[in-house]
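A structural walkthrough
Residue-level listing of the chains:
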Amino acid sequence: MTAINLICNCTMKPSSRFLVIGRKKSSFLSRCHHHSLTMSNKPLVLNLNHKTTHYPSCIFEFGRLMNGFQQVLRLPSWNLCHSRTCIRIRATKTERVSCIDGVSFKAREFSNSVETKGRGDEGDLKEKKNCDGLKICDEEETDVEKEAWKLLQKALVTYCDTPVGTVAAKDESDKDSPLNYDQVFIRDFVPSALAFLLKGEKEIVKNFLLYTLQLQSWEKTVDCYSPGQGLMPASFKVKTMEFDDKKTRDVLDPDFGESAIGRVAPVDSGLWWIILLRAYGKLTGDYTLQEKLEVQTGLQMILNLCLSDGFDMFPSLLVTDGSCMIDRRMGIHGHPLEIQALFYSALRSAREMVVINDEHSNLIGEINNRLSALSFHIREYYWLDMRKVNEIYRYKTEEYSLDAINKFNIYPEQIPMWLMDWVPEEGGYLIGNLQPAHMDFRFFMLGNLWSIVSSLGTPRQNRSILNLIESKWDDLVGEMPLKICYPALEHEEWRLITGSDPKNTPWSYHNGGSWPTLMWQFTLACIKMGRTDLAEKAVGLAEKRLPFDSWPEYYDTKTGRFVGKQARLYQTWTLAGFLASKMLLKHPEVASLLCWDEDLDILETCVCVLNKSGRTKCSRDVAKSHILV
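Residues numbered from 1 in each chain as written. Predicted model: local features only at pLDDT ≥ 70, side-chain atom pairs only at ≥ 80, totals over all residues. Heavy atoms only, no water.

**Quick look at empty space enclosed by the protein**
Quick note on the threshold: Only protein atoms enter the 1 Å grid, on which a cavity is a set of points fitting a 1.4 Å probe that cannot get out and a pocket is an open set with protein on both sides within 12 Å along at least 5 of 7 lines, lining residues being those with an atom within 4 Å of a point. Grid points are joined across faces, edges and corners, and a volume is the space filled by probe spheres set on the points. Here a helix means four or more residues in a row that DSSP labels H or I, a strand means two or more in a row labelled E, and each is numbered from the N terminus. When residues are sorted by character, Ala, Val, Leu, Ile, Met, Phe, Trp, Tyr, Cys and Pro go into the nonpolar class, Asp, Glu, Lys and Arg into the charged class, and all the rest, Gly among them, into the polar class.
Inspection of the entire model under this criterion finds eight cavities of 30 Å³ or more. Considering only enclosed or pocket space, the largest cavity measures out at about 110 Å³ in volume. Lining the largest cavity are Val190, Leu194, Ile275, Leu276, Arg278, Ala279, Trp450, Trp520, Leu524, Leu594 and Trp596. Those elements that place two or more of their residues in the lining of the largest cavity are helix H4 (186-199), helix H6 (268-284) and helix H17 (519-528). The biggest single contributor to the lining of the largest cavity is H6, with four residues. For the lining of the largest cavity, a count of residues per class yields ten nonpolar, no polar and one charged.

Right, here's the structure in full:
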């Protein structure tokens, strides 16, 4: 029989994170009839010794160790037995970590979660077919690309002799103060995963998806220091721990934000995980991973978290500062564009992958309704061009009616002076944020790029965004692509909004800094809209400087001339973003697998229910007349 060691994800208590058993009685225990459970001062022993091969799992409350899918979402039980061995769980002090087919399960047992490494000829043929089909594996590489691949391989993190991700940065000269750059971040790994998939190396991506799924928060709590049910960690680290038996073993230690600066939970991790899951299937042709019960359960838990009811009236996600790529205070609390674009992409991805059963038959309807409302909301209220600026300039305020034009009570005095002459005649963009009496007029690169990739913006809007970037190339690209936001917060505004953050000084880091990792998303957007010339120009600029500057995390100044004052060197997602961009430009046909086209069904679905509130005509129809062209 195989022994499996379990870890718990106890928040804010590092000393009791591993193998700590709580004494609080769980309501789930009363529903588990097939297990023998002893809750005492002795080590917990779970003995699954039955004749049948199907075992329902239980959820035991020790730390945040949540074990079992059907108890959370009321799903049917599944087979815990692999083809050669059946599982018996014993959590004792002298237990050693064992691997099943090279994988050690640390959080909960999965049904055949990771296939054997020796999958046989069929698996090898699939990889070869995928590799030859994309015609990427045999491509000649430049010296810069070869160097980048070597550095990316050095950044690999292994767990139980299996690659599970890449560290954020691998700067050999900065070993004394790695901070959290020695961890595997979900958002940071996405460009690495894309590069590996385009290279025909899919196992590391598959392992990453499954291991991060094991770390997903399963405990529904009201403790303000614990994550909500379904939350994906921001990052994880492989640690070597010494236990009471004096033996050491590797464990996965997730961070849900409790160690982050500001202690903010990551909103975007689960969204990136869903997007990557779809990309894995599209690029490998292997959709069996999506269909696994544990993957479907994790997917639905993320959706439940995002689609849950709240006090907010808007279809966009309400989040706090520091919950996304801009992970420090930058005045993006509320409904930042980056999260809305990723949310829209994740919903479109999930709609393709979710398996509907009788108990979750309404999920697709909920997704479609949210997609419809979100697309209308962003396209109508976030869009800004010269026509819209002039409309805001003439807004009336204090309008109290269903027919109000200035629905969010935006005061014209909010329009900044820099904007008047900055927006070109043939271009526009989606603003950074929208809240009552507040519009954030800053241009945020990531949100606008993902709006193009996911078709959150209309075709006309998508073209206008790239026209703006081309027209304002010196401001948004300069000497190193690409500005994360424009313009930077300066003077008193910087002091008040950032809290005098010394890392986010004007034109540095997230406050107007230049981030090379944004190139792969820019490349995707350009290929989709037929503007590969812009992507080639940006990648050409980066290729000349990145290896010379040791692949830094970000660049400073208005034009991106200097390496960031606190930038880590040999930043992994800088390497991976460059490699992914180069491969996409060589094979632009692959980009169609990672993008979304306009969905007419979403456009025809109206969920505003305005007729029920006394209005005879829905404003959506009016909006279509001038933006859906």
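That was the structure; now back to the text.
**Focus: the sheet that holds strand S8 (residues 383-384)**
The pairing of strands in a sheet comes from backbone hydrogen bonds and takes either a parallel or an antiparallel form. Note the cut-off: Pairing between two strands requires that DSSP report at least two bridges joining them. The criterion used for residue contact is that any of the two residues' heavy atoms lie within 4.5 Å. Here an axis means a line fitted to C-alpha atoms, over the contact stretch when the element is a helix, while the angle between two N-to-C directions is reported on a 0 to 180 degree scale.
What the four strands build is an open sheet, ordered S8-S9-S10-S11; its pairing is antiparallel. Bordering the open sheet on either side are S8 and strand S11 (485-486), each of which pairs with just one other strand. One ladder, built from four bridges, connects strand S9 (residues 429-435) with strand S10 (residues 438-444); its direction is antiparallel. The residue bridging leucine 434 from the neighbouring strand is methionine 439, located in S10. Set on the sheet, helix H10 (residues 363-381) makes contact with S8, S9 and S10; between it and S9 the angle comes to about 105°.

**Remarks on the nonpolar core**
Cut-off, in case you're wondering: What we call a nonpolar core is a set of buried Ala, Val, Leu, Ile, Met, Phe, Trp, Tyr and Cys residues that are connected through their side-chain atoms within 4.5 Å. The buried label applies to any residue whose accessible area, calculated with a 1.4 Å probe on protein chains only, is under 20% of its type's maximum; exposed applies above 50%, and partly exposed to all values in between.
Judged by nonpolar contacts, the single largest core of 155 residues is most densely connected at Tyr429, Trp450, Ile469 and Phe522. With sequence-adjacent residues up to four places away left out, isoleucine 469 is seen in contact with Phe443, Met445, Leu449, Leu476, Val477 and Phe522.

**So, the confidence of the model for the protein**
Under the convention used in this document: Residue-level confidence of the predictor, termed pLDDT, takes values from 0 up to 100.
On average, residues of the protein score 79 in pLDDT, and 73% of them reach the 70 mark or higher. Across residues 1-133, where pLDDT falls below 50, the model places 290 contacts with residues more than four positions away in sequence or in other chains. The model gives residues 609-617 a pLDDT under 50, and that stretch makes nine contacts with residues more than four places away or in other chains.

**So, the layout of surface pockets**
The computed volume of the second largest pocket comes to approximately 580 Å³. Lining the second largest pocket are 30 residues, and of these Asn180, Phe185, Ile261, Asp327 and Tyr509 lie nearest its centre. Grouping the constituent residues of the lining of the second largest pocket by class yields 14 nonpolar, nine polar and seven charged.

**What about the packing of helix H8 (residues 293-306) against helix H9 (residues 337-353)?**
Our working definition: When an angle is under 35 degrees it counts as roughly parallel; over 145 it counts as roughly antiparallel; between 65 and 115 it counts as roughly perpendicular; any other value is oblique. Crossings are sorted by hand: turned counterclockwise from the far helix by less than a right angle, the near helix makes the crossing left-handed, and turned clockwise it makes it right-handed.
Contact geometry of H8 with H9 gives a least axis separation of 11 Å together with a crossing angle of 140°. Judged by the inter-axis angle, H8 sits oblique to H9. In the crossing of H8 with H9, the sense of the turn from one axis to the other is left-handed. When H8 is examined against H9, the residues Gln296, Leu299, Leu303 and Cys306 are found in contact with a partner set consisting of Phe343, Leu347, Ala350 and Met353.

**Some details on helix H11 (residues 386-393)**
Worth spelling out the cut-off: This arc corresponds to the set of directions leading from the helix axis out to the C-beta atoms.
Residues of H11 that are buried: Lys388, Val389 and Ile392. The arc enclosing the buried residues of H11, seen along the axis, measures out at 100°, which places them on a common side. Contact partners of the buried residues in H11: H10, S8, helix H12 (417-420) and S10.

**Points about the sheet that holds strand S5 (residues 184-185)**
Spatial strand order, S5-S6-S7: three strands in an open sheet with antiparallel pairing. Each having just a single partner strand, S5 and strand S7 (248-255) make up the two edges of the open sheet. In terms of strand pairing, strand S6 (residues 235-242) meets S7 through eight bridges, oriented antiparallel. Each bridged residue has a counterpart across the sheet, and for lysine 239 the counterpart in S7 is valine 251.

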